[in-house]
Amino acid sequence: MSTEIPPGLAPGRELPPLALEPVDRTLLATFGCASGDLNPIHLDIDFARKAGMPDVFAQGMLGMAWMARAITAWVPQDRLRKLDARFLGITHLGHRITVTATVKDLVTFNGETCARIELRNTNQYGQTRIAGEALVAVG
């Protein structure tokens, strides 16, 4: 298998960022209904406050969905081989998330050459809420 780096996939290449609208209650309810995550901590302010939170906050899987959206804006969905995430902080109402993606290197995954891409969901204050990694087939 060739170790030559395909054009446009050189390590250090930054993919186009995905800048999102501020998180609001409608988005949380819509995602909750679509995903089946109807945990009241994401939808009910009284429940969230009883749990010690100031208000509802975004579902973690919503943040991962944004990461997948950033990748699939760059390559077709059928080339995404793996998506991992580590949750580092809560995405609160009003946060404006930007997903950034940087090509780290090429790796072999299940016998296929893939670009390993570092992902970050960062709010308007520069705080990383989710850090992740994707593997995208380059063949």
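Notes on the structure in this doc start here.

1. Some points on the overall build of the protein chain
Assigned secondary structure in the protein chain consists of 3 helices and 5 strands. Its helices and strands taken in sequence order, the protein chain reads β-α-α-α-β-β-β-β from the N to the C terminus. Looking at the 139 residues of the protein chain, the share that counts as buried comes to 35%. The long-range fraction of contacts in the protein chain, counting pairs at least 24 apart against all pairs at least 6 apart in sequence, stands at 65%. Counting every atom, the protein chain has about 7700 Å² of accessible surface; 52% of that belongs to carbon and sulfur.

2. Details of helix 3 (residues 60–72)
An ideal rise of 1.5 Å per residue puts 18 Å on 13 residues; helix 3 measures up with 19 Å between its terminal C-alpha atoms. Those residues of helix 3 lying buried are L62, G63, M64, W66, M67, A70 and I71. Where helix 3 is buried, its residues meet strand 1 (18–19), helix 1 (25–35), strand 2 (80–87), strand 3 (98–109), strand 4 (112–122) and strand 5 (128–137).

3. Side note on the nonpolar core
W66, I71, V99, I117 and L119 are the most contacted members of the largest nonpolar core, which has 30 residues in total. The dominant element in this core, judged by the number of residues it contributes, is helix 3, at 5 residues. Here W66 is in contact with L18, L20, V23, L27, T91, I97, V99 and N121, once residues within four sequence places are set aside.

4. Focus on the sheet that holds strand 1
Read across the sheet, 5 strands follow the order 1-3-4-5-2 without closing on themselves; strand pairing throughout is antiparallel. Of all strands in the sheet, those bounded by a partner on one side alone are strand 1 and strand 2. Of the strand pairs in this sheet, strand 2 and strand 5 are connected by 7 bridges, and their pairing is antiparallel. By the bridge assignment for strand 5, D84 is matched with E133.

5. Structural notes on the environment of M64
As for its position among the elements, M64 is in helix 3. Separated by 62 residues in sequence, M64 and G126 have C-alpha atoms that sit 18 Å apart.

Reading the values: the criteria
Counting of residues starts from 1 at the beginning of each chain's written sequence and follows it residue by residue. Local features in this predicted model are restricted to residues whose pLDDT is 70 or higher, and side-chain atom pairs enter the listing and the counts only when it is 80 or higher, whereas totals over whole chains, interfaces and linings include all residues. Hydrogens and water molecules were not included; the side-chain quantities draw on all heavy atoms of the structure. Numbering of helices and strands starts at the N terminus; helices are DSSP runs of H or I of at least 4 residues and strands are runs of E of at least 2. Classification of residues uses two cut-offs on accessible area relative to the type maximum, computed with a 1.4 Å probe and protein chains only: under 20% is buried, over 50% is exposed, and between them is partly exposed. Here, two residues are considered to be in contact whenever any of their heavy atoms come within 4.5 Å of each other. Shrake-Rupley sampling with a 1.4 Å probe provides the accessible areas, and residues are treated as covered by the protein chains on show and by no other component. The length a helix should cover is 1.5 Å for every residue beyond the first. Residues enter a nonpolar core if they are buried and are Ala, Val, Leu, Ile, Met, Phe, Trp, Tyr or Cys, with the set joined through side-chain atoms within 4.5 Å. Here, a strand pair is defined by DSSP locating no fewer than two bridges between the strands.

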